[in-house]
Amino acid sequence: MIQLVNLSKSFGAQRLFNNLNLQLSPGQKIGLIGRNGSGKSTLFKIILKEESFDEGELIIPKNYKIGTLRQHLHFTQKTVREECAQVLSEEEQYHFYKVEKILFGLGFSSEDLEADPQSFSGGYQIRINLAKLLATEPHMLLLDEPTNYLDILSLRWLQRFIREFKGEVILITHDRAFMDSVTTHTMGLQRKGVHIIEGDTHKYEKTLALQDETYEKTRQNQEKKRKELEEFVARNKARASTAALAQSKQKALDKMEEMQSLESEANLSFHFNYKETPAKITLSAENLGFGYKEDTPLFKDLSFTLESGKCLAIIGKNGKGKSTLLNYLAKELPHQNGEITLHPSTAIAHFGQTNIERLNTKNSITEEINSVVKSMPIAQIRSICGTMMFSGELADKKIEVLSGGERSRVMLGKIIATPSNLLLLDEPTNHLDMQSIDALCDAIERFQGSTIMVTHSEMLLRRLADALIIFHQGGATYFDGNYDDFLEKIGWEEEGVEKPKKERPKLNQKEQKKQRSQLIQARSKESGPFKKEITFCEEQIMDLEERLDEENAKLTHASNSGDNAAIIELSQNIAKLNSEIEALFERLEVASESLEEILSKYEALLEALI
């Protein structure tokens, strides 16, 4: 497995990690955590040999393949099959069956393989990238923020996929619930070192806190002992009678290793600026409807009320209208259908997906916060900057030099500065690290006003949502209940709803064994011809491809020597071989699909016996 030995990496004067040691074991699925800027993505690049390191050693076993799922989706071919076949080696470039088998396993149909990759939803485009990755047959997956911009259905699918993957995985994500659901170990980059434990992020944090507490107690005891030794040496080194003892104590003092105080990491901690309101109903909506095209509304006839202190979550697949609805409620879009009624005392603070782009990049952080309420005292502005982890001189940084995560914190700072009793939040956790997301949840829970938020995070939904608006079945529906109630009573139609199992009489062990044996025999008999067909096709394809290589070599020689008669004959042979290979691939595809259907059928029948 991969081994890192005394690995160190710096960017200029900034040290990311120092003498980092790590050895991974077979089958581990590791969640890699750490604050933004701690070096997680850099560590990935080092393992992928895309980034150099200053000192130490990276040991990767021979023939051990590492694959990574790129965040950015970029397709260059016209069909899904051609897009995925690009990753095959030169020797295997016509072995389409390798990528087809993977694509079928990821939920694509035969028709999908001929479709343009750009025509699929974001979740299925991620699957195309996964198919390309798996076709390289990696032993380990490095997944850097694979959950970014995925909707709930895609997240739930990816969750199942990672759990079932047979190799090793290292995963970076700020979605704590997602990480904890798929990993076996948690590894953290902290204080320029690495710590790994078996268990989830909560266990990791408790373990590290206990280690820190033990370290600090040991350090304090050592400091106390050091002070006592220093005082003894100072008192006794000048006396002849005690000089030898003082010298001995000095030697003990010199040998004592100095323990440094632990560096504390800044944590986001804040509360929203609640504006008092007597309202029991913050907002009511009646028969809302809106669409960018008149004949295709994103939602229609949508009615609901939002009580004071409640949280309403808007959920659904990407591109269905969730952000549009939030902007419509904020009255940032032209009125079309329905009525939105706000209590006269309702004051809104709106965090939209595009709001970060509206920041004035020429302003400093303090100037952006001050733009919300011009009369705000500078001490209060600095205090808000401090809670957003921009203390001291950091608050004077220009917006243009900030990262995406830092700009998100500036937007949160502007919302904190806004006196409000209704928060409109569109994917507020994007760009925030795990600790900042926890702090945001805490702040929403403490907020006395109401909240409407768009989110794909099931953790946020379970923790915060009192009611839902669900974009599905071609429209939007209000659901008076929490997220778990929705999953139990309705569920995502794309995932299918399991039919209740009928009670059946239990078989005794002898009868069960007999029926199992009969099913296995029937499966073998039914699948046998297709297995033979697959073996035949694969062997014939290999033989023909060897002949094709030979004929291509002869053609190259004939072309170089100018033998026109040989060129014509060899070209005809090559065309014939290609045609035969293509026909065999078609036979192989039919046989593979039939075999898969038979095996799935008998697997279900065998499971039913248990």
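Quantities reported herein were computed from a predicted structural model and do not represent experimental measurements.

Caption draft 1: Inspection of the pattern of salt bridges at higher detail. This model, assessed by the stated rule, comprises 18 salt bridges. Salt-bridge contacts for Glu 100 lead to Arg 81; the nearest nitrogen and oxygen are separated by 2.6 Å. Of this pair, Glu 100 sits in helix α3 (residues 96–105) while Arg 81 sits in helix α2 (residues 80–85); the two residues are 19 residues apart in sequence, bridging distant segments of the chain. The same class applies to Glu 100 and to Arg 81, which are both buried. The network of salt bridges with shared partners includes Arg 81, Glu 100 and Glu 114.

Caption draft 2: Quick look at helix α1 (residues 40–47). When you tally the buried positions in α1, you get 6 out of 8 residues, the bulk of the element. Positive phi shows up at Lys 49, right after α1, with a value of about 65 degrees.

Caption draft 3: How the structure looks around the side chain of Thr 324. By secondary structure assignment, the location of Thr 324 is in helix α9 (residues 322–329). Leave out the neighbours within four places in its chain, and Thr 324 touches Phe 290, Tyr 292, Leu 298, Phe 299 and Leu 333.

Caption draft 4: Region of interest: the sheet that holds strand β8 (residues 185–190). Strand order in the open sheet made by the 6 strands is β5-β6-β7-β3-β8-β9, with mixed pairing throughout. Single-partner strands in this sheet number two, and they are β5 (66–69) and β9 (193–198). In this sheet, adjacent strand axes meet at a mean angle of 20 degrees when their direction is disregarded. Taken together, the 4 bridges between β5 and strand β6 (residues 140–144) define a ladder with parallel strand orientation. Residue pairing for β6: Leu 69 is matched across the bridge by Leu 143.

Caption draft 5: The state of the cysteines, seen in detail. Tallied over the full model, the rule gives 0 disulfides. Not part of a disulfide, Cys 311 finds its nearest cysteine sulfur in Cys 441, a span of 9.6 Å.

Caption draft 6: Looking closely at unusual backbone geometry. Of note in this structure, Lys 49 is not a glycine but carries a positive phi near 65 degrees. In this fold, Lys 49 is placed in the loop between α1 and β4 (55–59). Given a relative accessible area of 65%, Lys 49 falls into the exposed group. Here the phi dihedral of Asp 301 falls at roughly 55 degrees; this positive angle occurs in a residue that is not glycine. Tracing the backbone shows Asp 301 in strand β11 (residues 299–307). On the basis of relative accessible area, Asp 301 is assigned to the exposed category, the value being 57%.

Caption draft 7: Up close: the packing of aromatic side chains. Under the definition given, this model contains 11 aromatic pairs. Taken together, the ring pairs connect Phe 290, Tyr 292, Phe 299, Tyr 328 and Phe 471 into an aromatic cluster. Its end group placed over the ring of Phe 11, Lys 9 keeps NZ or CZ at 4.7 Å from the ring centre. Residue placement shows Lys 249 over the ring face of Phe 232; its charged tip is 5.8 Å from the ring centre.

Caption draft 8: Main features of a negative patch on the surface. Together, Glu 90, Glu 91, Glu 538, Glu 539, Asp 543, Glu 546, Asp 549 and Glu 550 line one region of the surface with negative charge. Checked against the element boundaries, Asp 543 lands in helix α16 (residues 509–561). Look at Asp 543 and you get partly exposed, because its relative accessible area is 41%.

Caption draft 9: Here's a closer look at the pairing of strand β10 (residues 281–290). Bridge count between β10 and β11: 6 bridges; the pairing is antiparallel. Residue pairing across strands places Ile 281 opposite Glu 307, the latter belonging to β11. Note: β10 against strand β13 (residues 337–342), 5 bridges, orientation antiparallel. The residue bridging Leu 283 from the neighbouring strand is Leu 342, located in β13.

Caption draft 10: Looking closely at the nonpolar core. Phe 272, Ile 315 and Leu 468 are the most contacted members of the largest nonpolar core, which totals 50 residues. The contacts of Ile 315, once residues within four sequence positions are left out, are Ile 152, Lys 322, Thr 455, Leu 461, Leu 468, Ile 469, Ile 470, Phe 471, Tyr 483, Phe 486 and Trp 492.

Caption draft 11: How the structure looks around the environment of Asn 482. In this fold, Asn 482 is placed in the loop between β18 (475–479) and α15 (483–489). When the C-alpha atoms of Asn 482 and Leu 464 are compared, they prove to be 8.7 Å apart, with 18 residues separating the residues in sequence. Beyond its immediate sequence surroundings of up to four residues, Asn 482 is in contact with Ala 465, Asp 466 and Leu 468. Of note is the side chain of Asn 482, whose polar atom sits 2.8 Å from the backbone nitrogen of Asp 485.

Caption draft 12: A look at the sheet that holds β13. Strand order across the open sheet formed by 3 strands is β11-β10-β13, with antiparallel pairing between neighbours. Strand pairing shows two members of the sheet lacking a second neighbour, β11 and β13, which therefore form its edges. Adjacent strand axes in the sheet meet at a mean angle of 5 degrees, parallel and antiparallel pairs treated alike. Relative to the sheet, α9 contacts β10, β11 and β13, its axis offset from that of β10 by approximately 125 degrees.

Cut-off values and rules
Residues numbered from 1 in each chain as written. Predicted model: local features only at pLDDT ≥ 70, side-chain atom pairs only at ≥ 80, totals over all residues. Heavy atoms only, no water. Salt bridge = Lys/Arg side-chain N within 4 Å of Asp/Glu carboxyl O. Helix = DSSP H or I, 4+ residues; strand = E, 2+ residues; numbered from the N terminus. Buried < 20%, exposed > 50% of the residue type's maximum accessible area, 1.4 Å probe, protein only. Contact = heavy atoms within 4.5 Å. Pairing = 2+ DSSP bridges. Axes fitted to C-alpha atoms, helices over the stretch in contact; angles between N-to-C directions. Disulfide = S-S within 2.5 Å. Phe/Tyr/Trp six-rings, centres within 6.5 Å; stacked < 30°, edge-to-face > 60°. Lys NZ or Arg CZ within 6 Å of the ring centre and 35° of its normal. Patch = residues over 30% accessible without salt bridge, like charges linked within 9 Å, V, L, I, M, F, W, Y side chains within 5 Å. Areas by Shrake-Rupley, 256 points an atom, 1.4 Å probe, with all protein chains shown as cover. Lys, Arg positive; Asp, Glu negative; His and termini not counted. Charge placed at Lys NZ, Arg CZ, Asp CG, Glu CD. Core = buried A, V, L, I, M, F, W, Y, C linked by side-chain atoms within 4.5 Å. Polar contact = N/O pair within 3.5 Å; in protein donor to acceptor, adjacent residues only side chain to side chain.

Just geometry here; none of it tells us what the structure is for.
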